[in-house]
Every structure is written in structure tokens, then in C-alpha cells.
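What follows is the residue order along each chain.
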2 protein chains.
Amino acid sequence: MKKISTLLVILSFLIGVPAAARADEGMWTFDNPPLKQWKERYNFEPTKEWLEKVRLASVRLNDGGSGGFVSPDGLLVTNQHVAAGQLQKLSTKENDLTKNGFYAKTRAEELKAPDLEVNVLVSFENVTERVQSAVKAGATDKQASEQRKAVIAQIEKESGEKTGLKSDVVSFYSGGEYWLYRHKKYTDIRLVFAAEEQIAFFGGDYDNFTFPRHDLDVTFLRAYENGEPAKTPNYFKWSETGPADGEFVLASGSPGSTARLLTVSQLAYHRDVGNPMQKKVWTLRREILENYGKRGAEQMRQAGGGMRSFSNSLKRLTGQQDGLTNPRMFAKKEAEEKALKDELAKKPELQKIYAPAWEQIGAAYSQLPAMANRLAFSNLAPSRLGDIALRLVRYAEEIKKPNDRRYDEFRDSKLESFKFALLSPAPIYPELEEAALTAWLKEAEKTLGANDPFVKAALGEAEAAEIVKRAVSETKLKDVAYRKSLLEGGADAIAKSDDPMIMLARRVEPVIRELRAWNEEKITNVEASAGEKISKARFAVYGKSIAPDANFNLRISYGAVKGYEEDTTLVPFKTTFFGLYDRAESFGEKPPYDLPQRYKDGRGKLDLSTPLNFVYSADTIGGNSGSPVINRNAELVGLNFDSNIQKLSNRYWYIEETEGSRAVAVHSAGILEALRKLYDAADLAKELTGR
Amino acid sequence: MKKISTLLVILSFLIGVPAAARADEGMWTFDNPPLKQWKERYNFEPTKEWLEKVRLASVRLNDGGSGGFVSPDGLLVTNQHVAAGQLQKLSTKENDLTKNGFYAKTRAEELKAPDLEVNVLVSFENVTERVQSAVKAGATDKQASEQRKAVIAQIEKESGEKTGLKSDVVSFYSGGEYWLYRHKKYTDIRLVFAAEEQIAFFGGDYDNFTFPRHDLDVTFLRAYENGEPAKTPNYFKWSETGPADGEFVLASGSPGSTARLLTVSQLAYHRDVGNPMQKKVWTLRREILENYGKRGAEQMRQAGGGMRSFSNSLKRLTGQQDGLTNPRMFAKKEAEEKALKDELAKKPELQKIYAPAWEQIGAAYSQLPAMANRLAFSNLAPSRLGDIALRLVRYAEEIKKPNDRRYDEFRDSKLESFKFALLSPAPIYPELEEAALTAWLKEAEKTLGANDPFVKAALGEAEAAEIVKRAVSETKLKDVAYRKSLLEGGADAIAKSDDPMIMLARRVEPVIRELRAWNEEKITNVEASAGEKISKARFAVYGKSIAPDANFNLRISYGAVKGYEEDTTLVPFKTTFFGLYDRAESFGEKPPYDLPQRYKDGRGKLDLSTPLNFVYSADTIGGNSGSPVINRNAELVGLNFDSNIQKLSNRYWYIEETEGSRAVAVHSAGILEALRKLYDAADLAKELTGR
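This text gives an overview of the structure that appears in the document.

Criteria and thresholds
Residues numbered from 1 in each chain as written. Chains lettered and ligands numbered in written order. Predicted model: local features only at pLDDT ≥ 70, side-chain atom pairs only at ≥ 80, totals over all residues. Heavy atoms only, no water. Contact = heavy atoms within 4.5 Å. Buried area = accessible area lost by both parts, 1.4 Å probe. Salt bridge = Lys/Arg side-chain N within 4 Å of Asp/Glu carboxyl O. Helix = DSSP H or I, 4+ residues; strand = E, 2+ residues; numbered from the N terminus. Polar contact = N/O pair within 3.5 Å; in protein donor to acceptor, adjacent residues only side chain to side chain. Buried < 20%, exposed > 50% of the residue type's maximum accessible area, 1.4 Å probe, protein only. Lys, Arg positive; Asp, Glu negative; His and termini not counted. Core = buried A, V, L, I, M, F, W, Y, C linked by side-chain atoms within 4.5 Å. Least-squares fit on C-alpha atoms with pLDDT ≥ 70 in both.

**With respect to the interface of chain A and chain B**
It is common to report an interface's size as the accessible area lost on association of the parts. Taken together, the contact between chain A and chain B spans 29 residues of the former and 29 residues of the latter. For the pair chain A and chain B, the summed buried area comes to about 2,500 Å², and 60% of that belongs to carbon and sulfur atoms. Of all residues in chain A, the largest losses of buried area upon contact with chain B belong to Thr568(A), Leu570(A) and Phe578(A), amounting jointly to 24% of the total for that side. Taken together, the links from chain A to chain B amount to two salt bridges.

Following this line, the structure appears as C-alpha cells:
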């Protein structure tokens, strides 16, 4: 189970470059698909039209996942766990959609997701030359950063005005390239079908990141425009049979973040400071939710999604850190860096310009450990209200500046999405808010000390419990209309609000700004300049032979459907419904191996030999959850939802399929079998298959 | 899948002793069951009658495995793979019982096994005092050995004459104890039922030593006496339900060999020389059979059993060697030995007598590496005819000596079993004999050199192919009557025989004798004397707190039925028929995951949720195959047939159940379900259950 982690993204920038791509390596951008590898390894030569159709049928779900259109009427498929946040927001004490699942027999019954934005990559354009040439010769890192920001804002604005599309300039190869990406945006997304979590996540945290696997991790949504189902002529035809053993397949989706091009000094920071700190924070946040969930069934329902999300992130992080702390693996990264430097040394004119970049990054990163605690704890992240307040306060400050001087997320091109998220009608649970924020501020105080600027700003002389109790109980931010009025009132209204949560946010925001400024000056600006140098050095030595690190934009990965060896035996390429019932029976249906009632009642209706899940060798990572897995005819044969344990450290390096690393998908035939036989969802199956 | 390996036994004697028994540790003799552990851990307090009944219902199959009576009419159950040798001997080109399985609907259809001897341990008696006191003070190792042999022969003879039972004096704790074991012997054993190898060994070498598992590794035999089914009032009642999760169970069987009490110098020899040599020999012998099997289907049938047996042995050996080459594990053995020596140092009067023993063994073993190739290759083992010839030639020599001076296997007490095996009517395949023996002698020549005494004796100036071709084609040893006539003609007839296989054996036997004498003088006599000392030192320091090493005599092991953690997930305690069909389907029924036709046709008849295999935490090893797994009421709930991969190095040390080490058994309910629904064997099921 994979979702992107935005927390890790903050600390992990993408620098340094290994040699040429291996085997099925690479999460490729659509401007540079690996045509040579496809032809040589799989005799696959897609047309331009094929690539365009696949791109336009693929979607990014801004909750943190991928999906694809599967009918001309806006129907799209993704994982249950990608939609889990929306399912929770649509649930009530009386009807828990996470637990019970959902199926809208008619369009009228489809439920509008409170705050889900879906994007389709409509076009892209290389703007590297324009961005890089905007940086004046002799500029400092800070000036360079400002000059880049200015030109990027300009490009986005021009494109937005010209096309009406959401236009973002995205950096690749650590600033080695810049591309303008134009997305079509859907914000009226409705829930059509969701499997029960018990079957979507059968086996729970234990089976997460393992194979053989038996999960129907599926949700169907429908994009609407102007109150009507969106017209989506580019969609994936649903394969009734799914993939054969050994078949070539591709995954089209938006992998969240890889860090394969980091320098050794950056990796060492991850290993020694960044990852352990991340583990500490996530463990704490999971504990906060666990403790809250113990108060009762309804509290457990409210906290459940978050707990599962942190458990998932922690299991993945453990696998990543196991890789990074393996001296043999780390030595490989050192050897790669040395090889590039050695090659560079043969070109003295380039070496002179580029070689200092590694030391610049090393010097920058040497300052990070001392700041790590402050950067991790100076925020109100565990509280949705706190987060809303902070975003409003920040908005008030930024909106006063000219477009090209604002924080990235407040540039004109992004304001619409910002407001959409801020004004979400999703339910807020004050009891949970209070418990989570109190525990968080207490831990911040414990970790940072009472004299820390953030702690002092947040608490003054008071107790966390007292501050938070008042802020949560008295804030009007629970009310969307109030948020809207503040937004419309603008900077002034926000600055003057006596809402206690806003006041708390106004107190801590200057500290957070200061930290952000420190981080930009000392770290990210250096990374951007040095990263560009290393990237250019890499291009000079090896050419553009490998894919850029993932950044939650659309990529295409590929490989073959195939099993692997584990210990001394074989793991098959697929599982069947037989295996689901075996695992449930073998554990006496003890949770997390219990089955939804319809699976117990409906066993006799199923053809148990129908495939349920399968594995394939493509290079994917968190964010690829929900990616359509397609065959060479662009038919959907599966739905990516996870990786196996052998693949977990692939954040830092590609892991060959010979090591048993595999992506895990729900089988298209298994989904159909369940829809038709267990869910009485013949209409939905018909929309997918035409019959 | 486990069978004992007699090859390894030769080189591995049992010396050195760790501290007290842990958790479910120990393959216990029936004179010293772990009553304290049973009571404390499982609240189990068996009566004397319980223990006696279990012992008398347990059988040892001298092909190398265990079993148990399951009806009052001589019916006994064991694994298909334990009976595989007999199945192959009963098979013909036209009817391959290994492949097709077998069921005798009536007693008249039961097939007599050609050369299977089954033993039941009827009584035992501690003769330590008598054996040890027979060794005179001041005797050299050689004299001590002769004195022990003499008294042992005397004890066996007295017992045999008095009881008519097969009477063997068996050494435990490396000579720390000697016991007289009296066995009732059955030699008329008939085949009642055998599962097809495809289902008995479903998953083949890949799934061997793994779990989850899906094997119906079952054969039923019937013991006859005087042409009638034997009366067996002590038998295990068949449990229709099998064990519950967490239930206390015991396994009663004959584990072949462990080497947990070896000294560090002996272990180092195993690790550095013994195991690699063993691997080389087994790999060669498997290759010989593989090459032969490639000639055609009938040749493959003839070679199949041997190939599987060597594959099994090699997979197990690899696991054992992986353990031994793990420095952390080896360091534990060093620490154990040091701890015992340190304790001994506190008792100077004992230290003086016992402490030199470790060095004596180390000095003896230091001579072994130089002889390892000669010891491994100076034999005719790959050829049944060569083996028969050698045994006859050896018999002729030994039978001339007084009883107490003969090789152990020719003592009066063992002659009956010797003759039974020698006169087996099992088929011999000359083409296979020729191929195997030729390849073997060629490899011996390559490894030992043309001037090696064994090679010179075997080949003289001729080519191996030429010598073997004549010996195999012209020998009359294929004819049981001829063997019988030689036996009856005695030493003189054998000495004068011009049978070319006998002549070959006569040429090489003196070399083999010389090596055996060297091994006895330099190694085993030293081990026996020094082993007794170390054993006494151990008793003095720790008492008799642990079980003796296994030696293919009856033991009782115990533990609980339970699953375990593996990597990050859970392995359940059992599998079901669902799992069998899942695995077959998931591999598209590609061998070794193909199913017998009756399993494909009969799927609809089965209750697929019936358990098929399960795991439990008892301490078992090769030789325990076929052991009845029983509950506290002495009901048979399963049939032991394997260990998982986590347990493989338990030859050298006990592995805690917390490490995931498990014994694997066929579930009693799964066997019944298959008998009733797939095999039309209602009568057999009724004999087991009464209904």
C-alpha cells in the first residue's frame, strides 16, 4: 500500500546521478519514454497516438495517488486506500463507508467527494532554457532563486491566461530541466463504488507490502463537469481476462518521490538524522490517534484512517531505512558518486565549474542536524483546524506580495486549488482535534524545551491543554462559511480576527516563517544551484540516460508480469480467490484476516479460480497507488496498489527484478468477478466491459 | 521432507554438551520423558500406561522413517516419501505406483513390500554400568573398544536368546550411557494406500522445507504375521477434527541423527571439510541419476526416487551449512564449550581426568581432512549390485570371526535383518547400474588419481566403462536365488566365486577395510573414550538435563500447534484445500504445481475449508518423517513430514520456536477428507475412525 509522503519530500532533494538505466528501471516522463528499452526488451513500439491516449486517460488524485478513466462518461478507477480520506469524510457515525463499502446503483446516488481534486496532464513544454537563462551571471544562490521564481511565475501566468489550464513549472533532475505542465482539473468527483476496507486491506498491516496478497483495493469515482458526467473520450478499455504470465505491462501514474540522485552527504543525512526523525514523528502521531481511538467505537472510526496511513508510512520507512543502513548498499552509492567524479576529472574545464557542487551540498547539509528537531516540530500538522488557521494566516501575508515573490503554493496558478482545499466541507471532529493538538504541543515542548521560540509563541506561560481547549472549542473555523468570509475579507480580516485558533496561528507563524527562510537560504537555494551543476555534469558524462527522480507528476513505468524466487521456493505471479479463502480460514478469520459478510455468504457464487492479485516488475513507488496497469493495447489489466517487501528501499535506488522486487496489482478479472457476483453491480461491470 | 542420512552419521559423533533444555527442546527417550516441562508448560501429566501405549503404537521403518499403528489390525500410517523406496520397488514400467498412487480395496489386493522391516520398541534396560565397567583400568582406546564390543555382543546375545526379540545395545550421550533396546520386528509389510507423488510432494523441491505447504504425504501399510494381519492392540485413535490453534501436541518417532553435542573442533571439521565433501558427493550422485533419467521416460521412472532423495538431502545440507557458516551461530557453540570447561575448572579433580578429552578429539580430527577424499570415494555405493557384492564379501570375512570381534553390523543380533535386506526381491535395473557405477568410478579416478589404492584395485589398467560393463552384464547377483546360494555356501563359496561383480568387490574390499581400520583407530575409538569423558564432565556439571543426540531410535518430542511471524507478516498454523487449489492455479498447474487428475475432477466434492497441513513447535529432524503427531489423549491429529526452512540447521543446535522454526505435518482431517471424497476409500476411513 503506497501513498506519497509530503513530509519526506521537504527534506529530500534530488541531486547526484548514477550510470545508465538497467532492466525495467525508470519512472519515465511522457516526453522521454524509454522507446529503445521497450523495443529491445519487449518488442514494443507505441505510436504517438498510443502515448497521448494513455496520458490523457491517466489521472492524478491530489489526495496522493493515481487512477485512470475507464469509461467515456468520466468513470475512473483508483484504490480504496487512495480514496480512503474521502470515504472517511463522507462517513458518519451511522454509516461508515470505510467499513461498509459503497455502491451507487444509479447516478443519482453517487456521493460528491468533499475536497478531492483530480488532474489530467493535457500538455507539457520544455522551458529549461527560459528558466535557466533568467539567472544572471554572478548571481548568488539567493538571487538565483529569486530570478528563477520570477520567470517561473511569469511562464505559469502566461500559460494560465492563454489556456485556462492549471499551469505549473516543474523541476526535474534537480533543476537540470524545467517543464511547463498543463493540467485539466476536475473538482466535482463523486463516489460510485468502494470495496469494504476489510477486503481492500485484507491482512492489514501484516500483509501490507507483502505478496502473495489478497486485496480488492478498489474504488470507482466519476468526474463531473457542470453537474454532468464528464466526457472522457480517452479511457482505458477494461480487460476481462487480465495479463498472462510473462506478459509485458505498463503502469501509468504519478509516483510521489524518489531520492535516487541524492549525493552521499544527503543520503548520510537521511540515514543518520532525517529518517530516524521521521520515524519518531510518525510514531508519535500514530500513538496520538491510537490513544484517541481507545475512547470508543466512534472515536476509533474517526482515527482509523490516520492510524492506517501512519502504520503504512512507518512500515515503508522501516524498509527504506533497512536498505540505507546496509553498508553494502551504501557503499554502492559512494562508488557511483566516485565514478561520476572520476569521469568529470577527465574534463578539467567542466570539473572546474561542477566539482565544487558536492562540497557545497555537504556544507549545507552539515547545518541540518542541529535544526532537525525545530524543523520537525514547529507546526500544527496533527490538527486540521490548526492547519486551516495557519494557511489562512499565511495567505493573508503572501497575497499582499506580487505574484512572483510569494511562496510557491500561493502563486496565482495555484490559488484555485488552495481555496478548494481550504473550503472543504469535510467533517471536523473537535474532540479529536483537541486530543491531537494537545498531545502534539506537549511533545513539542518536551522535545524543544519551554524556551524554544515556537513553544513560547504557541503556549506563552499557559499549559498546552488549556490553550488548545479554548482554541478548538471557540474557533469558528469549523464553519466553512466563516473560512470563506475570512478569505473574502482578505489580509485585513484575517489579521484582525479574534478567533482563538487564528490567534494561535498568528503567534506561531513568524517562527515558522523564520525557519522556512533559514531552510531556503541554507539548504534549498544551495541545492537548487548545486543540483543544477551536478545534473549538468551528469548529462555531460552520461547523457540523459536515466529517468528523473519522481515528483508526483505523471510517469510511465514498465515490466513483465512474473513471479519470483523467495528463500528457496517460488512465489507465483498471481493469487486467486482460493487463496483469499485459504488465508481467512487458516487464521480462523481472526482480524485482520476476517472477511466481509458478503464474502462469506457469496463464496458459492464465485469462480474461485479467478485471479485476485498479481505482481509485475515495473519501477513504481508510493503515489503509484491506483495506477492503471495496462497491456500493449492500452487495456487495463490491473490496478497497482502496492510493492512487495523486496522493493521497499527503492526510494534510494532501483532494485532489479532478479532481486524479487515487484509491484503488486489487483487483477482486472478479479474486480469484475467480485462486482458481478458479490456486489450486484452488473451495471458498473457493464459500463466497464460493454456487457 | 526428511529422511535420515546414513552417510553423514559416519562422520559425525556426538560429543560436548550445552546447558539446560529450553522451551520445547529435546527429542527425549522414553526412559526419561520431560515430565517437568510438560507439566509446567502444558499442564500435561501422562500416566505410565499412556507412555507405554504411545511407545508400543509407534514404529520405526528401517528404510529411514517413522510411523504408527492406527488400527488393531496392523494398519500403520507413514509418509508417502518414507514408503517411496518400496513404492518404486513395487512399480513397473506399466504401473508406476509412485506416480499413480495405490489403494487396495480388499486385503487380498494389498501388495507385499519387497524388503521393508518395521520395528517396535518393546522394552529397554540401562546397561551403562555393565558396559563401562567391562573396560579395564589402563586400557588403551583400542583395547577399550574391544572390551566394550565384547560385553555388548554378550548382552545382545543373552537378551536375544532369552526374549527372541531383536536386541541392540545403543550408545547415548557419546557413550555416557548404554541401553539395551529390544524391538519386535515385522518383515511382512503390505501396501494398503499411497497418495500420488504429485500430491504427496506437491510443490516439489521448491516447496520442500517450506510452509505454507499443501502436501498429502501419506501412505498406509499393514503389518502381517504368519500371513495374517498383525494384532496391534496398541494403536493411535484417529482424530476426525485434528488439532486446534495453540493445542499441545507430541510427536513420537525415530529422529535419525543430530550433532548438537559435537566439540568445536568437530563442528569446524563439518563446516570446513565434511559438509562441503558431502555436498560434492550428493551433487555428483544426483547428476548421475539426472543424466540417466534423460535417456527416456522409463529411465526417468527408475532414477526419479533417487534424484528426489538427493535433492532433499542437498537442500537440507545447504540449510545446515548456512547455519554452521554463520559466525554468530558458531560463536555460540564456542561459548557453550568454554562455559563447560570453565565450570570444570572449578572441580580440579574432575578437570584432571576429563579436560584432556577435547584436545584428544581435536588431535584426532586434525588427521581427517587429509583422508576425506579417500573415505568419501572408496566404495561402490551408487550401484545396488556393487553394494550387494561388497556386503557378501564382507560377510564372508566377518562370519569366520567370533561374534564379539565382528563388525557391528555382522553381530549375531543383526544377521537376520542383514539377510532380509540382502535377499530383497526388489527389481534391479542393469542399465542404471552400469551408468551409475561407471560414472562413479570415473569420478573416483579423477578425484583420487590413478595411483590411489581403491582406484587401482577397482580398475587395474582397464577403463571404468569396460570393467563395469562386464561386471553388470555378467553378474548373477541380479538373481536372488544366486545370492541365497552364496550366503548358504558361506565364506568359501563367496571367496571362490568367479562372478565378475563379486570379483570387483573382492579386489576393493581390502582397501575399504584398511580405511575402516584407520578410521576406527584414529577417530572413532578416540571419540568413544573421549566422548565418554566429556559426557561425564557434562553430567557432573549440569546433570542429565538435556536429551541425548538423536540416533534413529524412538524419541518423543512436544510443542504447540502455532503459526509464526516471517519477514513482516504472519504465517498461519495451518493450510486448507483452498490453498492447494490457489497454489496450483496461481502457477497455471505448471509442474511441480500440477495436480493429479482426481484432484481436478473431484474439487467440487471436497469441503475446501478442510485443513490440509499444519505446523507445530516440536523438536524433530530427519527420521521423524511419518511420526504420528498426537494430542494429550494420544489421538493422532497429524502426520509429521517435514520442517520449515527456519529449522534446517537444528542438526547442530536447538532453534527456539520464537525464531519461527516449525515441524510440518499433514492434518488428520485433511487425510480423511481426501480418503472419503477423492479416493473412494470409505473402508479405510472406517477402519481409522469406526465410521
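**Thoughts on the pattern of salt bridges**
One pass over the structure, following the stated rule, counts 121 salt bridges over all chains. Measuring nitrogen to oxygen at the nearest pair gives 2.7 Å for the salt bridge that ties Arg411(B) to Glu156(B). Highlighted residues: Arg411(B) in the loop between helix 16 (384-398) and helix 17 (412-422) and Glu156(B) in helix 7 (residues 141-163), separated in sequence by 255 residues. Several salt bridges share partner residues, and in doing so they unite Arg394(A), Glu398(A), Lys401(A), Glu509(A) and Arg513(A) into one network.

**Overview of the side chain of Asn553(B)**
Residues and elements named next belong to chain B. With respect to the helices and strands, the residue Asn553 is situated in the loop between helix 22 (500-542) and strand 14 (555-560). In terms of polar contacts, Asn553 uses its side chain to reach the side chain of Arg60, at 3.1 Å. What Asn553 contacts, discounting residues up to four positions off in sequence, is Arg60, Val170, Tyr181, His183, Gly253, Ser254 and Pro255.

**Brief notes about the side chain of Lys315(B)**
Counting through the fold element by element, Lys315(B) comes out in helix 11 (residues 297-324). Buried and unpaired, Lys315(B) has Asp205(B) as its nearest opposite-charge partner, separated by 5.1 Å. Here the side chain of Lys315(B) touches Asn208(B) through a polar contact of 2.8 Å, landing on its backbone oxygen. Aside from chain neighbours lying at most four places away, what touches Lys315(B) is Thr568(A), Asp205(B), Tyr206(B), Asp207(B), Asn208(B), Phe209(B), Thr210(B), Ile645(B) and Leu648(B).

**Details of the nonpolar core**
In this structure, Leu216(A), Phe220(A), Tyr599(A), Leu216(B), Phe220(B) and Tyr599(B) are the most contacted members of the largest nonpolar core, which totals 145 residues. Core analysis: the second largest hydrophobic core is formed by 72 residues, Tyr365(A), Ala372(A), Leu380(A) and Val472(A) among them.

**Focus: the relation of the copies chain A and chain B**
In screw terms, the move from chain A to chain B is a rotation of 179° and a rise of 0.1 Å along the axis, fitting with an RMSD of 0.1 Å. Viewed as a symmetry operation, the transformation between the two copies matches a two-fold axis. Mapped onto chain B, 100% of the interface residues of chain A again fall at the interface, so both copies present the same surface.

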